[in-house]
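Residue strings, one per chain:
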Amino acid sequence: MEKYIKLCCLIIFMNFLLTCHLNAQSLDSMVIDCEDFEMEFNRKGISSFWSKSDEHRASIVGKRGEWGDVDVKYQVADGDWLNIYKGATSREILSPEKVKYTDYKEGVVLKMERTFERVRNGIDWTIRLESMFDYPITIGDFSVPISWPRPSGEEPNYIFEETFIKHQYIGGNSSFIYFSKPSGEPPFLVLMTKPGTKLEYFDSASGYSAHIHSQWAAAQKEGSWRMENTALELAPKGKPGSSITYGFRMQWVNSYDELRDVLYQNNLFDIRVVPGMTLPQGLSAKFSLRTKNKIDSISAEFPKQTKIDFIKEKEKDLYIYEVQFERLGENKLTIHYNGNQKSILEFFSTEPVETLIKKRTDFLTQSQQHTDPSKWYNGLYSIWDMSKAVLRGPDNTDGFDHWWGYVLASDDIGLVKAPYIASKNVYFPEDDEIASVEYHIENFVWGGLQRTDKETNPYGIHGVPNWREARDPLLRARSRDYNLDKIKIWRSYDYPHITKMYYHMFQIAEFYPDKVQYLDAKGYLERAFQTAKAYFTYPYEILPWYDTYKWGCYNELIIIPLIKDLERYGRKSDADWLRQEWEKKVKYFVYDDKYPFRSEYSIDRTAFESSYAFAKYGTLNKMKPDEKLWYDVNLEKWYSHPSVKQEDSRDFMDRQNTAGLAVRGWVNPTYYSLGSDDSEGGGLSYMARMGGWSILDYGLHFAEKPYDWIQLGYASYLSSYALMNTGTKESNYGYWFPGKENDGALGWAFNSQKHGRIWLQGREIERGPWNYDGEADLGMGAIGHTASTVLVNDPIFEWFAYGGNLDETTNGFAIVPKDGLRTRFAIVANGTRFQMELERDGFAKNNPILVSKSMNEVSFVLENRVEKRHRTKLNLENYGNISFKCRADGKLLKVIKKGNIESFEIPVSGKTHQVTLTLN
């Protein structure tokens, strides 16, 4: 009897422990509840999975399906391709921390077992597939469908706290996928392949799936793919090779450093690349592999045109390599390791950056401008169709009709090409290109796109779908049945583009007055100011849904130098008015919105150029407290800021950069992901460089640990050059769309699937850049404030020059700048942190910038780019206690100090001049 009582007590106690561990809510669910996470299972798989470090308890599992399912497509002999039978899924709880699902019943061909087990602070997920048939079976597809809550709707707390953005590296045996919230705040979930498991393919046609085998799936789609699409042969039942086991590990991490450590600890690769994976010819890249694996070799896709050097093992398990490509276009490097495993690194080789910058403006002015005085769109730069090698326009639409006509003649697509051409000509002036922009302004913009100063609502800009329809009530009524009582000049996004165009034309008119004909410098400055004023006036007055003060708009950072030049021209009241409006927006982003990273969409990758510009302005400039600064007509409330501190803007800078990382590829070693505006597996577009500027600038000037930020920021700067279609005669003038007629064309964005649907009218395209340029010149326009050559002493790569060729000498360093503009140089090394910039002219081509070992002297040869007598200004950004002396051809120059900027005016008369800076 006593033994019986003890046995009963033991059973009760064990049941109690089991209940505590499983926290069973019903017969249909079980829970693994541990210190790090909580995971709930239903009858089919994982129904909830969240990290205990997440105060919002956001589950990574989407509402439309469980995690842990597997899709298998098989074939017996030459029969039909069939799906694995899942009509009899059973679940078995093997322990409080282990559960197994079995898909099998007597008489079916395949048996699948899926096991989930807590191991330390993560979940090991094992998939075993076994043949139950007496004949061989071909597995043509073996994929893992994954559903997660994606950003949607308009409720910011939900968007930024409860949804996730996916990032992936589909690259063989070291593949991984990770998820971050749009806020960028941890935790992040990382899903990793276990040894013996690889990922080789993905698709998103009907929900996202990552494929271990993909021969069948890939064969269903046209297009190219960069990895082998494999199948698997299972031997007959009971024979060797009749079963296969694959596995993944899932783990929550609380920082990017921890994410890298987890990749390393789980026998994958922590990979870094400088200056980026889009690599201009003439520059070499270095990459590091941090791994526990035994690296057998690294092979090139084109070995005769690729140079790979092993540099050294810097420390235990950290290997440094250098690579240079001769072949333009995509270049794979394959890491062979542990005897039979391999992973792929995807690079893209372009022509030199300066060549790309110049080719693009030449192509725009020679191939993409309509110059027919009989057309209402005379002077328009429209979209180029690379697939047909033809200029599209309002009379050659390719289906972009009615409302979709905006793709051809307005908005961010039609209005960003002229600003880029103008910005390039500030640095490399060409008479024909400047004349092209003036033709555009005179014939298409003024009095057409933009209302003149003689019309009502002067300087207003007519928006979607084009200015002709926006000005004509009858034409407007064809595509819209509301807001017909309002003048259609309310789209906020249009105004900064035109402001930027006028501002750069103002610079050109100042620097090269003999090259402009339409307006002089004062005329262009007036246009720039009045357009900026209209930006802060009409959209909010006419249709306040356009929250001008709340949304980050492309190109609006041009307002900062515009304010300075208005002051320089004695227009203080205009500068004060514009500054007041700008500061309204800065304060809103810093104080009035927890998550100001939205626009017309739930989260917008376009926001991070502007939000950083706001943060930087507030950090470097004192703003006054205010009472009832502006009234929000949408929310019916006043915004007041009784306390305004520069430290608050600095804090916001960190928050906005954290959010910016959530939409940027950072640890994923592919050219279309690293540094790109990454989402859903490769979102490379013009936004890569725009938001990338903020990351690079932050690393150069503000970050306490700058080197990660500089690595990522420079990769961002280079990444979207891969969207350009250029080449040499030997390469038939273009990797993506060959032919001389496409040499200089540009893709809108990148499709990383073999064949996928894009948002543009739901069209489908093959892998690669879209065949239209669209908004892509927004990214080209960001070159002017991003391009730089940077000397660093990186903790991993040691002395390195981003955007330049570096030689280390006995006396110091010689850096030949190849960043594309040759106007900006920075040092972040050994306690020295400064940046210098020439307002015009540039560092002489192929001449090195010399830096002393002690970092206290920098010298360079100044190149006169117009060969006329003038003065150029050298500006130095100083974020420390450095003071400067500057000599030009040996003559000491006077310093002009304003804020954190020290300037020197250099007299230019000859072709070149020797300039020397001394840092004290």
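Note that the coordinates shown come from a computational prediction; the quantities given were computed from them, not determined experimentally. (Residues numbered from 1 in each chain as written. Predicted model: local features only at pLDDT ≥ 70, side-chain atom pairs only at ≥ 80, totals over all residues. Heavy atoms only, no water.)

Here's the deal with the overall build of the chain
- Across its full length, the chain carries 22 helices and 48 strands.
- The C-alpha radius of gyration of the chain comes to 30 Å, within 12% of the 29 Å expected for a compact globule of 920 residues.
- Seen through its C-alpha atoms, the chain measures out along the principal axes to roughly 105 × 75 × 60 Å.
- Across the 920 residues that make up the chain, the buried fraction comes to 62%.
- For the chain, restricting intrachain contacts to residue pairs at least 6 apart in sequence, the fraction spanning at least 24 positions comes to 65%.
- As displayed, the chain has an accessible area near 35600 Å², and 48% of this comes from carbon and sulfur atoms.
- Positive and negative charge centroids in the chain, built from 114 and 126 side chains respectively, lie 2 Å apart. (Helix = DSSP H or I, 4+ residues; strand = E, 2+ residues; numbered from the N terminus. Rg over C-alpha atoms; globule rule 2.2 N^0.38 Å. Buried < 20%, exposed > 50% of the residue type's maximum accessible area, 1.4 Å probe, protein only. Contact = heavy atoms within 4.5 Å. Areas by Shrake-Rupley, 256 points an atom, 1.4 Å probe, with all protein chains shown as cover. Lys, Arg positive; Asp, Glu negative; His and termini not counted. Charge placed at Lys NZ, Arg CZ, Asp CG, Glu CD.)

A look at the pairing of strand β20 (residues 285-290)
- With five of its six residues buried, β20 lies for the most part within the structure.
- Bridge count between strand β18 (residues 270-274) and β20: five bridges; the pairing is antiparallel. Residue pairing for β20: Asp270 is matched across the bridge by Arg290.
- For β20 and strand β23 (residues 318-325), the ladder comprises six bridges, and the chain directions are antiparallel. Of the residues in β23, the one forming a bridge with Arg290 is Leu318. (Pairing = 2+ DSSP bridges.)

Section: the environment of Thr197
- Along the polypeptide, Thr197 turns up in the loop between β13 (188-193) and β14 (201-203).
- Residues Thr197 and Gly247, spaced 50 residues apart in sequence, show a C-alpha to C-alpha distance of 6.2 Å.
- In this view, Thr197 contacts Gly172, Asn173, Ile212, Tyr246, Gly247 and Phe248; residues no more than four positions away in its chain are not counted.

Some remarks on helix α5 (residues 353-367)
- If you check α5, its first and last C-alpha atoms are 20 Å apart, about what 15 residues at 1.5 Å a residue would give, namely 21 Å.
- Those residues of α5 that fall on the buried side of the exposure criterion are Val353, Glu354, Leu356, Ile357, Lys359, Arg360, Thr361, Phe363, Leu364 and Thr365. (Expected span 1.5 Å × (residues − 1).)

Brief notes about the pattern of salt bridges
- Taken as a whole, this structure holds 70 salt bridges when the rule is applied.
- Its salt-bridge partner being Lys307, residue Asp309 comes within 2.5 Å of it at the nearest N-O pair.
- Across the pair Asp626 and Lys587 runs a salt bridge, and its minimum N-O distance is 2.8 Å. One end of the pair, Asp626, is in strand β28 (residues 626-632); the other, Lys587, is in helix α16 (residues 572-592), and 39 residues separate them in sequence. (Salt bridge = Lys/Arg side-chain N within 4 Å of Asp/Glu carboxyl O.)

Notes on the pairing of strand β47 (residues 901-908)
- Note that strand β43 (residues 870-878) and β47 share eight bridges and pair antiparallel. In the sheet register, Leu876 faces β47, and the bridge partner there is Glu902.
- Across four bridges, strand β46 (residues 895-898) lies against β47 in antiparallel orientation. In the sheet register, Lys898 faces β47, and the bridge partner there is Ile901.
- Hairpin connection from β46 to β47: two residues lie between these consecutive antiparallel strands, with Gly899 at a positive phi of about 65°.

Description of the packing of helix α17 (residues 607-620) against helix α19 (residues 687-701)
- Between α17 and α19, the least distance of the axes is 7 Å, while the angle of their chain directions is 30°. For the pair α17 and α19, contact is made by Phe608, Glu609, Tyr612, Ala613 and Lys616 and by Met690, Gly691, Trp693, Ser694, Asp697, Tyr698 and His701, respectively.
- In the contact of α17 with α19, the residues fall into six nonpolar, three polar and three charged. (Axes fitted to C-alpha atoms, helices over the stretch in contact; angles between N-to-C directions. Nonpolar A, V, L, I, M, F, W, Y, C, P; charged D, E, K, R; others polar.)

Digging into unusual backbone geometry
- A cis amide bond links Pro186 with the next residue in sequence, Pro187, at an omega value of 10°.
- Note on placement: Pro187 falls in the loop between β12 (176-180) and β13.
- The residue after Val464, namely Pro465, is reached through a cis peptide bond having omega 0°.
- If you check the backbone angles, Asn338 has positive phi at about 50° while not being a glycine.

Brief notes about the sheet that holds strand β7 (residues 98-103)
- Reading across from one edge, β6-β7-β8-β9-β17-β13-β12-β11 is the order of the eight strands in this open sheet, with antiparallel pairing throughout. At either end of the open sheet lies a strand with only one pairing partner, and these are β6 (89-95) and β11 (165-169). For this sheet, the mean angle separating the axes of adjacent strands, direction not counted, is 15°.
- Taken strand by strand, helix α4 (residues 256-265) contacts β12, β13 and β17 (243-253), and its axis lies near 15° from that of β13.

Examining the side chain of Ser143
- If you trace the backbone, Ser143 turns up in strand β10 (residues 137-146).
- A residue is classified by how much of its surface remains accessible, and Ser143, at 3% relative accessible area, is buried.
- If sequence neighbours within four positions are ignored, Ser143 has contacts with Val70, Asp71, Ser209, Ala210 and His211.

Brief notes about the packing of aromatic side chains
- Following the criterion strictly, the structure yields 79 aromatic pairs and no others.
- The interplanar angle of 40° and the centroid separation of 5.3 Å between the aromatic rings of Tyr714 and Tyr802 together place this pair among those described as tilted. Pair noted here: Tyr714 is in helix α20 (residues 706-719) and Tyr802 is in strand β35 (residues 798-802), with a separation of 88 residues, a long-range link.
- Chaining the aromatic ring pairs together yields one cluster made of Tyr495, Tyr535, Phe536, Tyr540, Tyr549, Trp582, Tyr588, Phe589, Phe614, Tyr617, Trp630 and Tyr639.
- Lying over the aromatic face of Tyr721, Arg689 brings its terminal NZ or CZ to 4.1 Å of the ring centre. (Phe/Tyr/Trp six-rings, centres within 6.5 Å; stacked < 30°, edge-to-face > 60°. Lys NZ or Arg CZ within 6 Å of the ring centre and 35° of its normal.)

Considerations on the side chain of Asn466
- As for its placement among the helices and strands, Asn466 is situated in the loop between α9 (431-445) and α10 (467-471).
- On the basis of relative accessible area, Asn466 is assigned to the buried category, the value being 11%.
- Among the polar contacts listed, one links the side chain of Asn466 to the backbone nitrogen of Glu469, at a separation of 2.7 Å.
- Residues within four places of Asn466 in sequence aside, it is in contact with Trp376, Ala409 and Ser410. (Polar contact = N/O pair within 3.5 Å; in protein donor to acceptor, adjacent residues only side chain to side chain.)

Some remarks on the packing of helix α12 (residues 494-511) against helix α15 (residues 559-568)
- In contact at an axis separation of 11 Å, α12 and α15 are set at 45° when each is read in the N-to-C sense. Between α12 and α15, the angle falls in the class oblique. Crossing hand, α12 versus α15: left-handed. On the side of α12, the interface is formed by Thr499, Tyr503, Phe506 and Glu510, while α15 contributes Pro561, Leu562, Asp565 and Arg568.
- Of the residues assigned to the contact of α12 with α15, the class counts are four nonpolar, one polar and three charged. (Parallel < 35°, antiparallel > 145°, perpendicular 65-115°, else oblique. Left-handed = near helix turned anticlockwise from the far one by under 90°.)

Focus on the confidence of the model for the chain
- This prediction gives the chain a mean pLDDT of 94; 96% of its residues lie at or above 70.
- Contacts for the low-pLDDT stretch residues 3-26, under 50 throughout, to residues beyond four places or in other chains number 17 contacts. (pLDDT = per-residue confidence, 0-100.)

Considering α12
- Compared with an ideal rise of 1.5 Å per residue, which puts 18 residues at 26 Å, α12 spans 27 Å between its outermost C-alpha atoms and is within 8% of the ideal.
- The element α12 is largely enclosed, with a buried count of 17 among its 18 residues.

Concerning the sheet that holds β43
- Spatially, seven strands are ordered β35-β34-β38-β39-β43-β47-β46 in an open sheet, and the strand pairing comes out mixed. Of all strands in the sheet, those with a lone pairing partner are β35 and β46, marking the two edges. Averaged over neighbouring strand pairs, the angle between their axes works out to 15° when direction is ignored.
- By the bridge criterion, five bridges tie strand β39 (residues 832-838) to β43 in an arrangement that is antiparallel. Within β43, the residue paired with Met836 across the bridge is Leu876.

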